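A closer look at the structure
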Amino acid sequence: MDPTAAPAVAGVSGSPDRRPARRAVWAAFLGSSLESFDFYLFAYFSAFFSASVFFPNDDPVVGRLEAFALFALSYLVRPIGAIVFGWVGDRLGRRQTLLITITLMGVATGAIGLLPGYDTIGVAAPVILVVIRLLQGLSLGGEWGGGILVAVEHAEPKRRGLYAALPQLGSPVGTGIVATLVIVLSAVMPPEDLAAWGWRIPFLLAFPLLLVSLWLRLRIDETPLFKALVAEDRLERVPVLSAFAKHPLAMVVAIGAALLGIGSYSLMNTYTLSYGVAVLGFKYEELSLATLIGSALQLVTIPLFGVWANRIGSARVVLIGAIGTLIITFPMYFLLQFATFPILVGTMIIGGILPTLAWAGLGGLMADVFGGPIRYSALSIAYAVAATISGFIPLITTGIGAATGNAWWHPGIVLAALSALTLVSAIFAARWRRPVDTLLEA
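Residues numbered from 1 in each chain as written. Predicted model: local features only at pLDDT ≥ 70, side-chain atom pairs only at ≥ 80, totals over all residues. Heavy atoms only, no water.

1. Side note on the nonpolar core
Judged by nonpolar contacts, the single largest core of 121 residues is most densely connected at Trp144, Trp359, Leu362, Leu365, Met366 and Phe370. With 17 residues, the single largest contributor to this core is helix H15 (residues 248–280). Setting aside chain neighbours within four positions, we find Trp144 in contact with Glu35, Gln168, Trp359, Leu362, Gly363, Met366, Leu379 and Tyr383. (Core = buried A, V, L, I, M, F, W, Y, C linked by side-chain atoms within 4.5 Å. Buried < 20%, exposed > 50% of the residue type's maximum accessible area, 1.4 Å probe, protein only. Helix = DSSP H or I, 4+ residues; strand = E, 2+ residues; numbered from the N terminus. Contact = heavy atoms within 4.5 Å.)

Here it is in structure tokens:
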């Protein structure tokens, strides 16, 4: 089939009615926001409260390592979730899959707010928490790829870079909501109450957020591209195997391209929180405020980067972000050691904007690289593998810090490595970027 010969199929050749595309973007954005809300809420929870509530230990470093290990654990099952939900998305449809993943994620996140601590039910508390985190990891394995696809596959060709970037707004929105909650709760509650039960409030907010996300997703249609694949009987029987068999280099490139966008958040918004409090002496309210400022700025920069991706291509946007991050990495961490609040804010802004280029262009890059019949599986698995690697970044960086006596440059090693890998991957992706008029190719 020549997609250009089917003007009635929106998302393949473009449609003058943009309402389905806008609804799809909103649905993807809300799902991404809930995903990020879960991610950053547990990041804050791991940095500040998880060790004392579920992993009591006389050595605070050991307690933080246990908390970060749990944070990383959910990432280990993301590839499994990506395989399962990738198959569902490529065989049964994008919309149906996203309804499942958002429900599983929202219920699991809210359940953490209801879970008794170690002092109440003993060792059962961390065991149940591990199970919940595994369920979250499974759902997250299929959420991001589906959200990107419902936006991209409903969009006109000339707007795909922007529409692929807009769901990424969920990341700063989720971060901003969590940071705001931490600031407000810290202001209105004594520290002992916050540590005892106040931390549960943000988790319980996942339930109303889930209801809003479900309402939006029930209002969107299946993507025109998937309908065309079904009509032409072009569905892959085992899409994950086809992705690796037919596009092995593309899979490696997609994983590498995702490392900076995902990994920088794990480093800046998880490890830096704990490092800033335990080593640099910041208050977590200051860290939360700095994170909120950086997140607010991304609400402007991500759409702008998406528009830029329409003009120069998503892969080139990722490439520029990787180069910029590599340049500023060590100067940024050198300044951070002086531990003043203005420097902290500057770190969150500068260290957020440049990796955000890689984040904003990531969905478009992957959608350009992979064809329709295997796209859900390919995007989900590549993202999940990169996320799994990134999930260990706080743990790895903590180990490097311990080995180097918390030398000022130790986080820079990790961020520079992520930037270099994404830089090389983006170079490859920019050279073979899939033309937007051949989206039905396998």
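2. Some details on the packing of helix H9 (residues 170–188) against helix H16 (residues 284–312)
Two packed helices can be described by the angle between their axes and the distance between those axes. Running from N to C, H9 and H16 cross one another at 150 degrees; their axes reach a closest spacing of 8 Å. By the angle between their directions, the pair H9 and H16 is classed as roughly antiparallel. For H9 against H16, the interelement crossing comes out left-handed. Contacts from Pro172, Val173, Thr175, Gly176, Ala179, Thr180, Val182, Ile183 and Ser186 of H9 reach H16 at Tyr284, Glu285, Ser288, Leu289, Thr291, Leu292, Ser295, Gln298, Leu299 and Ile302. When the residues that make up the contact of H9 with H16 are grouped by side-chain class, the tally is 10 nonpolar, 8 polar and 1 charged. (Axes fitted to C-alpha atoms, helices over the stretch in contact; angles between N-to-C directions. Parallel < 35°, antiparallel > 145°, perpendicular 65-115°, else oblique. Left-handed = near helix turned anticlockwise from the far one by under 90°. Nonpolar A, V, L, I, M, F, W, Y, C, P; charged D, E, K, R; others polar.)

3. Topic: helix H20 (residues 393–403)
Those residues of H20 that fall on the buried side of the exposure criterion are Ile393, Pro394, Thr397, Thr398 and Gly401. All buried residues of H20 lie within an arc of 130 degrees about the axis, which places them on one face of the element. In H20, those exposed residues whose orientation departs by more than 90 degrees from the buried face are Ala402 and Ala403. Trailing H20 by a residue or two, Gly405 shows a phi angle of about 65 degrees, which is positive. (Arc of directions from axis to C-beta.)

4. Focus: the confidence of the model for the chain
Taken over all residues, the pLDDT of the chain has a mean of 83, while the share at 70 or more is 88%. Predicted confidence for residues 1–16 stays below pLDDT 50, and this span has 28 contacts to residues more than four positions away or in other chains. Ignoring residues within four places in sequence, the model shows residues 435–442, a span with pLDDT below 50, making 31 contacts including any to other chains. (pLDDT = per-residue confidence, 0-100.)

5. Description of helix H7 (residues 124–152)
Compared with the 42 Å implied by 1.5 Å per residue over 29 residues, the 43 Å span of H7 between its first and last C-alpha is a close match. A maximum bend of about 25 degrees is found in H7 at Leu140. Within H7, 21 of the 29 residues are buried, leaving the element largely enclosed by the surrounding structure. (Expected span 1.5 Å × (residues − 1). Bend = angle between axes of the 7 residues up to and from the residue.)

6. Digging into the packing of helix H17 (residues 314–336) against helix H21 (residues 410–432)
Running from amino to carboxyl end, H17 crosses H21 at an angle of 160 degrees, the nearest separation of the two axes being 8 Å. Classified by the interaxial angle, the pair formed by H17 and H21 is roughly antiparallel. Crossing handedness for the pair H17 and H21: left-handed. Here H17 contributes Ala315, Arg316, Val318, Leu319, Ala322, Ile323, Thr325, Leu326, Thr329, Phe330, Met332 and Tyr333 to the contact with H21, which in turn contributes Pro411, Gly412, Ile413, Leu415, Ala416, Ser419, Thr422, Leu423, Ala426, Ile427, Ala429 and Ala430.

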